[in-house]
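Okay, here's what each chain looks like letter by letter:
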Amino acid sequence: MKAKIRLLWMKLHAYFSCFFLPLTLVYIVSGVLYMFDITGEVKQEYSYPIAVKEWPKNEESAAQIVVPLLAKYEHLSLPEDYSKRGGGHNWYGQKQQVSLKLDKENQTSQLIVKEYDVWRQMLMIHKGYAGYIFWLLGILFGVSLTFSLISGVVISLQLPQLKKQSVVMLAAGTVTLVGLFI
């Protein structure tokens, strides 16, 4: 490999590594904490009883009820990720969870807002519930990580003093992965 091309690979490897290091640390720390069942806490929970004439059937009609209430009670805006579970409407984001719940026994409904601490916010980034920007950064991080690994292999296979050990490690990694799948 020519020196100019090798230098380009090294520069790209370095620049991507520098740019994505902070996000990498968020993913590593939140992943390790999650493995030890440290998921963060709900630092504040608010519950507001509300009167609903007709229970909303879809996200749009539920959002029309919830958005004005969030503004009225001075909460953050409605998170992007939506789920309809347990008969309620739920939105998840990096900083909070918002739920519109119906108690069928008492025929009452309520808005519940759960605000997260920093650890839970990191976990929400890791799980992909932090909005479109973090989702996009996560995809780009995956591409960058793949590029960094490939560029590291390409560079190590081009250097005579590293080639033999690199081939051995590449083979060992491949055998380990195949062995774990079998």
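Along each chain, residues carry numbers from 1 onward, in the same order as the chain's sequence is written. This being a predicted model, a pLDDT of at least 70 is required before a residue's local features are given, and a value of 80 or more before pairs of side-chain atoms are given or counted; all residues contribute to the totals for chains, interfaces and linings. Neither water nor hydrogens contribute to the side-chain values; these are computed over all heavy atoms in the structure.

### Some words on the nonpolar core
Then step 1. The criterion is simple. A nonpolar core is a set of buried Ala, Val, Leu, Ile, Met, Phe, Trp, Tyr and Cys residues joined through side-chain atoms within 4.5 Å. The buried label applies to any residue whose accessible area, calculated with a 1.4 Å probe on protein chains only, is under 20% of its type's maximum; exposed applies above 50%, and partly exposed to all values in between. Counting 13 residues, the largest nonpolar core has Val66, Leu70, Trp91, Val98, Leu100 and Leu111 as the members making the most contacts within it.
Then step 2. Strands here mean DSSP runs of E at least two residues long; helices mean DSSP runs of H or I at least four residues long; both are numbered from the N terminus. Every element with two or more residues in this core is listed here: strand 1 (42–50), helix 2 (59–72), strand 4 (96–103) and strand 5 (108–116).
Then step 3. Top contributing element to this core by residue count: helix 2, with five residues.
Then step 4. Sequence-distant contacts of Val66, that is, excluding residues within four places in its chain, are made with Leu78, Trp91, Val98, Leu100 and Leu111.
Then step 5. Residues Phe20, Tyr27, Ala130 and Phe141 belong to the second largest nonpolar core, which totals six residues. The contact criterion used throughout is that any non-hydrogen atoms of two residues lie within 4.5 Å.

### Digging into the UniProt feature "transmembrane region" (unreviewed entry) in the protein chain
Then step 1. UniProt positions are given in the numbering used here, feature names are shortened, and annotations may be inferred rather than shown by experiment. According to UniProt, the feature "transmembrane region" (unreviewed entry) maps to residues 12–36 and 132–157 in the numbering used here.
Then step 2. Segment residues 12–36 splits into 96% helix and 0% strand. End C-alpha atoms: 35 Å apart.
Then step 3. Measuring from the first to the last C-alpha atom of residues 132–157 gives 37 Å, for a span that is 100% helix and 0% strand.

### Let's talk about helix 1 (residues 3–35)
Then step 1. Along its length, helix 1 shows its largest kink, about 50°, at Leu21, and proline Pro22 lies within four residues downstream of that point.
Then step 2. Where helix 1 is concerned, the buried positions are Phe20, Leu23, Thr24, Tyr27, Ser30, Gly31 and Leu33. Consider a residue and the seven residues that end there alongside the seven that start there; fitting an axis to each set, the bend is the angle between those axes.

### Quick look at the side chain of Ser99
Then step 1. Looking at the secondary structure, you find Ser99 in strand 4.
Then step 2. A relative accessible area of 3% means that Ser99 is categorised as buried.
Then step 3. The definition of a polar contact used here is a pair of N or O atoms within 3.5 Å, where within protein one atom must be able to donate a hydrogen and the other to accept one, and adjacent residues in sequence count solely through side-chain atom pairs. Within the structure, the side chain of Ser99 is placed 3.1 Å from the side chain of Gln97, a separation counted as a polar contact.
Then step 4. Excluding residues that lie within four positions of it along the chain, Ser99 makes contacts with His89, Asn90, Gln110, Leu111 and Ile112.

### A word on the sheet that holds strand 3 (residues 89–92)
Then step 1. DSSP calls a pair of strands paired once it identifies at least 2 bridges connecting them. The strand order across the open sheet built from five strands is 1-5-4-3-2, with neighbouring strands paired in antiparallel fashion. Unpaired on one side and paired on the other, strand 1 and strand 2 (81–83) mark the two borders of the sheet. Neighbouring strand axes in the sheet, compared pairwise and without regard to direction, differ in orientation by 15° on average.
Then step 2. Across eight bridges, strand 4 lies against strand 5 in antiparallel orientation. Across the sheet, the residue bridging to Ser99 is Ile112, located in strand 5.
Then step 3. Along the sheet face, helix 3 (residues 118–127) touches strand 1, strand 3 and strand 5 and points at about 95° away from the line of strand 5. The axes are straight lines fitted to the C-alpha atoms, using for helices just the contacting stretch, and the angles between their N-to-C directions are given from 0 to 180°.

### Focus on the pairing of strand 5
Then step 1. The pairing of strand 1 with strand 5 spans eight bridges and is classified as antiparallel. Each bridged residue has a counterpart across the sheet, and for Ser47 the counterpart in strand 5 is Ile112.

### Thoughts on the packing of helix 1 against helix 4 (residues 132–158)
Geometrically, a packed helix pair is captured by the angle between its two axes and the distance between the axes.
Then step 1. For the pair helix 1 and helix 4, interaxial distance at closest approach is 8 Å and the crossing angle is 140°. The orientation of helix 1 with respect to helix 4, classified from their angle, is oblique. Between helix 1 and helix 4 lies a crossing of left-handed hand.
Then step 2. Looking at the contact of helix 1 with helix 4, its residues break down into 15 nonpolar, nine polar and one charged. Convention used here: angles under 35 degrees read as roughly parallel, angles over 145 as roughly antiparallel, angles from 65 to 115 as roughly perpendicular, and any remaining angle as oblique. Crossing chirality is assigned from the near helix's rotation relative to the far helix, an anticlockwise turn below a right angle marking it left-handed and a clockwise turn marking it right-handed. Residue type decides the class: Asp, Glu, Lys and Arg count as charged, Ala, Val, Leu, Ile, Met, Phe, Trp, Tyr, Cys and Pro as nonpolar, and the leftover types, Gly among them, as polar.

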